[in-house]
Amino acid sequence: MQMKKENKRNGEIAEDKFMDWLDQHGIPYLYIHQDPDTFSQELKYKYTKRPDFLVCLPRSRPILVDVKYGGSRGESETCLIKTYEPEEYKRLQEKFGLKSWYVISNNGNDYGTWFWASTDKIDKILKNLRQNKEKKYKNCYKVSIREFKRVLNYDSLKNMIESSEQSDTEILNSFWI
């Protein structure tokens, strides 16, 4: 029980630090509160688990972001992803046209590095792990942090997007998928 509380607290800290990073770089967002009564029954039962953020990009649709604490588990540097999550995000993407992303950090680097990967990419990785009969950890798979795009705290997503001729979605797709 103590481990579960610690994991929840670490996740909350990661979300707070991500908000700080978004604010630092002038990226608008909506934080999605995680109380059960703040999520409609229609979404809960038909489409998805709840993302943590709706991040607004200047020239395209917003993206959904699920922030996780992880990325440094001994020498393996992995993140645990629940087996069902990418599929639930995929249903949400297909229904509403909003892309979703995992963003991961930890206190081992003082939240100075953020690791980004689209849920589409993670879904493909999990399918490959299942096909190769990789060992699951309860209802999770370990995904190598090398599969994620590394963004340092001083890197600016907004500057990268605004200085490009491509749409925000094209930038994210070419850079992070």
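Summary of the structure given here. Because the structure is a prediction, the values reported are computed rather than measured. (Residues numbered from 1 in each chain as written. Predicted model: local features only at pLDDT ≥ 70, side-chain atom pairs only at ≥ 80, totals over all residues. Heavy atoms only, no water.)

### A few points about the side chain of aspartate 52
Right, on to step 1. Summarising the element assignment, aspartate 52 is placed in the loop between α2 (41–46) and β2 (53–55).
Right, on to step 2. On the basis of relative accessibility, which here comes to 4%, the residue aspartate 52 falls in the buried class.
Right, on to step 3. Among the polar contacts made by the side chain of aspartate 52, one reaches the main-chain amide nitrogen of valine 67 at a distance of 2.8 Å. (Helix = DSSP H or I, 4+ residues; strand = E, 2+ residues; numbered from the N terminus. Buried < 20%, exposed > 50% of the residue type's maximum accessible area, 1.4 Å probe, protein only. Polar contact = N/O pair within 3.5 Å; in protein donor to acceptor, adjacent residues only side chain to side chain.)

### Focus on the packing of helix α3 (residues 85–96) against helix α4 (residues 119–131)
Any two packed helices are characterised by the angle at which their axes cross and by the distance between the axes.
Right, on to step 1. Two numbers describe how α3 lies on α4: the axes approach to 9 Å, and their chain directions differ by 140°. Our classification of the angle between α3 and α4 gives oblique. Along this stretch, α3 crosses α4, giving a crossing that reads as left-handed. Touching Pro86, Glu87, Tyr89, Lys90 and Gln93 of α3 are Thr119, Asp120, Ile122, Asp123, Leu126 and Lys127, all from α4.
Right, on to step 2. Looking at the contact of α3 with α4, its residues break down into four nonpolar, two polar and five charged. (Axes fitted to C-alpha atoms, helices over the stretch in contact; angles between N-to-C directions. Parallel < 35°, antiparallel > 145°, perpendicular 65-115°, else oblique. Left-handed = near helix turned anticlockwise from the far one by under 90°. Contact = heavy atoms within 4.5 Å. Nonpolar A, V, L, I, M, F, W, Y, C, P; charged D, E, K, R; others polar.)

### Comments concerning the environment of proline 36
Right, on to step 1. Its place among the elements puts proline 36 in the loop between β1 (29–31) and α2.
Right, on to step 2. Proline 36 sits 14 residues away from arginine 50 along the chain, and the two C-alpha atoms are 9.7 Å apart.

### Quick look at the sheet that holds β1
Right, on to step 1. Judged by pairing direction, the sheet is mixed, and its six strands sit side by side in the order β1-β2-β3-β5-β6-β8 without closing on themselves. Two strands close off the open sheet at either side, each with one partner strand: β1 and β8 (149–152). Each neighbouring strand pair of the sheet contributes to a mean axis angle of 30°, computed without reference to strand direction.
Right, on to step 2. As defined by bridge partners, β2 adjoins strand β3 (residues 63–69) across three bridges and the pair is classed as antiparallel. The residue bridging phenylalanine 53 from the neighbouring strand is valine 65, located in β3.
Right, on to step 3. The sheet contacts of α3 involve β3 and β5 (100–105), and relative to β5 the element is tilted by about 140°.
Right, on to step 4. The strands touched by α4 are β5 and β6 (113–118); relative to β6, the strand with the most contacts, the crossing angle is about 75°. (Pairing = 2+ DSSP bridges.)

### Points about the pattern of salt bridges
Right, on to step 1. If you walk through the whole model with that rule in mind, you get five salt bridges.
Right, on to step 2. When the shortest N-O distance is used, the salt bridge between glutamate 12 and arginine 9 registers 3.4 Å. Of this pair, glutamate 12 and arginine 9 both sit in helix α1 (residues 2–24), three residues apart, which is roughly one turn of that helix.
Right, on to step 3. A relative accessible area of 43% means that arginine 9 is categorised as partly exposed.
Right, on to step 4. Between glutamate 85 and lysine 68 there is a salt bridge whose closest N-O contact spans 3.2 Å. Pair noted here: glutamate 85 is in helix α3 and lysine 68 is in strand β3, with a separation of 17 residues, a long-range link.
Right, on to step 5. Overall, glutamate 85 belongs to the buried group, its relative accessible area being 1%.
Right, on to step 6. The exposure class of lysine 68 is buried, given its relative accessible area of 14%.
Right, on to step 7. Several salt bridges converge on common partners, so that one network encompasses Asp66, Lys68 and Glu85. (Salt bridge = Lys/Arg side-chain N within 4 Å of Asp/Glu carboxyl O.)

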